[in-house]
2 protein chains.
Amino acid sequence: MTRVLVVDDEPSILRALRINLSAREYDVSTAADGTSGLAAVARDRPDVIILDLGLPDMDGTDVIHGVRGWTSIPIIVLSAWGQESQKVAALDAGADDYVTKPFGMDELLARLRAAVRRASPAPDEPVVTTADFTVDLAAKEVIRSDGSDVRLTPTEWQLLEILVRNSGRLVTQRQLLREVWGPAYETESNYLRVYLAQLRRKLEPEPSQPRYLLTESGMGYRFKP
Amino acid sequence: MTRVLVVDDEPSILRALRINLSAREYDVSTAADGTSGLAAVARDRPDVIILDLGLPDMDGTDVIHGVRGWTSIPIIVLSAWGQESQKVAALDAGADDYVTKPFGMDELLARLRAAVRRASPAPDEPVVTTADFTVDLAAKEVIRSDGSDVRLTPTEWQLLEILVRNSGRLVTQRQLLREVWGPAYETESNYLRVYLAQLRRKLEPEPSQPRYLLTESGMGYRFKP
DNA sequence: CCCGGGCGTTAAGGTTCCGTCAAGGCCCGG
DNA sequence: CCGGGCCTTGACGGAACCTTAACGCCCGGG
């Protein structure tokens, strides 16, 4: 289910979007100003953000920069008619699309679909196999080579998913922490040690001498298929 | 240089876009109908397409489908005001963005930049190969020609990365020390001797007679591919 | 011939980083 | 209200890494 975060200070718009999006099977959360909007992005990890530029507490482009600082979640900007320069500024700040109020709900929905479609990287290969287990990213499932399936907690899964998606590449601790726990946790390398140990215990044939989930001291971790 | 294909049947718009885009250092090609437009896409492989929906020979969504059938080049659609349903259809057919005529040139340029930015997520392809090993800067990985991979510490990586990025060029000791250890260490050439020795031991087939990591006495070091 | 600067090499200390374990808190379902 | 996953947090031994110093080599100049 696609998660949408709506950041707007007008209750009527918030309500209209919530009703329309929920009816289309979107998972909607809302925020009424820039500060709580940025917090909500870090906490909820929406798949797409609808952002009104006329917020009471922050400039719209600053909100965009705050989000773009650490993630590329698509942003659709909403704003009053006739603000040509604002429109350009928002797009250059990193917004993906721009809709002028008043807008037709059909158009917004279409742009939403377009943004989500672009963001989903590709119908790529969501299955990775090693000699000891198989990771199916689409089914969110890990099966050992003897047929038994592995139970992973949500956090363990997020971590494994990032490592597998970057198969072979080194992923820095900062990136892992940012993508799993949010930008505020970039220094809590403690978490990584705990969860990597758990993943190894569940996946590695010899957890004390990892073959797939490798540590690069001082840099990060690497999944080696 | 970014290549833009403009598909439109109105000579005035074609001319206006050609002038404005050329002035911004875009490489512009044009087509006046859907058929020649599709041919131009296949022939020129533009980085982005600007497509007018009101073409004489084909329906706009068909052109989009024709392009989307085999490539994901970003498409920005142009159309007359008030065609809400057409707009939705175009986006759902796979267009990336939609601009209503009459449009401001600034807005179109901003949307163009946004579309190009989204489409190029890979900034560079930093892989350098020699007869004895391959350096993959993105994956932070060095593989010897016999298949074994080399373990490098963070400092060793920083050093090697600078040298490889300046492949063939001489890099002064000051620059290396400044970029790896910080400006306060510009005279500690000791560090360089120690770490260059380690890199040679790990990379060179004959560490005592370096072939890739060369010393320029009194000046600095050079990576020779 | 001797001497000194620049470089390569090695090894010892000290520091940071990692794996591991376990206790405590939170949330949810029974 | 109680129990069980799950997530956070802290502590500790050991490994990896960085710094630093010492020594030998080569080469050009005095």
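The preceding data block contains the structure.
All values reported here derive from a predicted model rather than from experimental measurement.

The number of helices and strands found in chain A is eight helices and 12 strands. The principal-axis extents of the C-alpha atoms in chain A amount to approximately 65 × 35 × 25 Å. Expressed as a percentage of the 225 residues in chain A, the buried residues total 47%. The long-range fraction of contacts in chain A, counting pairs at least 24 apart against all pairs at least 6 apart in sequence, stands at 55%. Taken as a whole, chain A presents about 10,800 Å² of accessible surface, with 49% of it coming from carbon and sulfur. Separation between the mean location of the 27 positive side-chain charges and that of the 33 negative ones in chain A comes to 4 Å.

Residues in contact with DNA strand C amount to 20 residues; listed here are only the nearest, Arg200 and Thr215 of chain A together with Arg200, Thr215 and Gly218 of chain B. If you look at DNA strand C and keep only atoms within 4 Å of the protein, 60% of those are sugar or phosphate atoms. At a separation of 2.9 Å, a phosphate oxygen of DNA strand C approaches a polar side-chain atom of Tyr221 of chain A. One of the side-chain N or O atoms of Arg193 of chain B is found 3.1 Å from a base nitrogen in DNA strand C. Taken together, the elements giving at least two residues each to the surface near DNA strand C come down to helix H8 (189-203) of chain A together with helix H8 (189-203) of chain B. Broken down by class, the residue content of the surface near DNA strand C amounts to six nonpolar, 10 polar and four charged.

Taken together, 18 residues lie near DNA strand D, and Thr155 and Tyr191 of chain A together with Thr155, Trp181 and Tyr191 of chain B sit nearest. A share of 84% is what sugar and phosphate atoms reach among the atoms of DNA strand D within 4 Å of the protein. In this structure, Thr155 of chain B approaches DNA strand D through a side-chain N or O atom, which is 2.3 Å from a phosphate oxygen. Among the secondary structure elements, those contributing two or more residues to the surface near DNA strand D are helix H6 (154-165) and H8 of chain A together with helix H6 (154-165) and H8 of chain B. At four residues, H8 of chain A tops the list of elements feeding residues into the surface near DNA strand D. When its residues are assigned to classes, the surface near DNA strand D shows 10 nonpolar, six polar and two charged.

Cut-offs applied
Residues numbered from 1 in each chain as written. Chains lettered and ligands numbered in written order. Predicted model: local features only at pLDDT ≥ 70, side-chain atom pairs only at ≥ 80, totals over all residues. Heavy atoms only, no water. Helix = DSSP H or I, 4+ residues; strand = E, 2+ residues; numbered from the N terminus. Buried < 20%, exposed > 50% of the residue type's maximum accessible area, 1.4 Å probe, protein only. Contact = heavy atoms within 4.5 Å. Areas by Shrake-Rupley, 256 points an atom, 1.4 Å probe, with all protein chains shown as cover. Lys, Arg positive; Asp, Glu negative; His and termini not counted. Charge placed at Lys NZ, Arg CZ, Asp CG, Glu CD. Near = heavy atom within 4 Å. Polar contact = N/O pair within 3.5 Å; in protein donor to acceptor, adjacent residues only side chain to side chain. Nonpolar A, V, L, I, M, F, W, Y, C, P; charged D, E, K, R; others polar.

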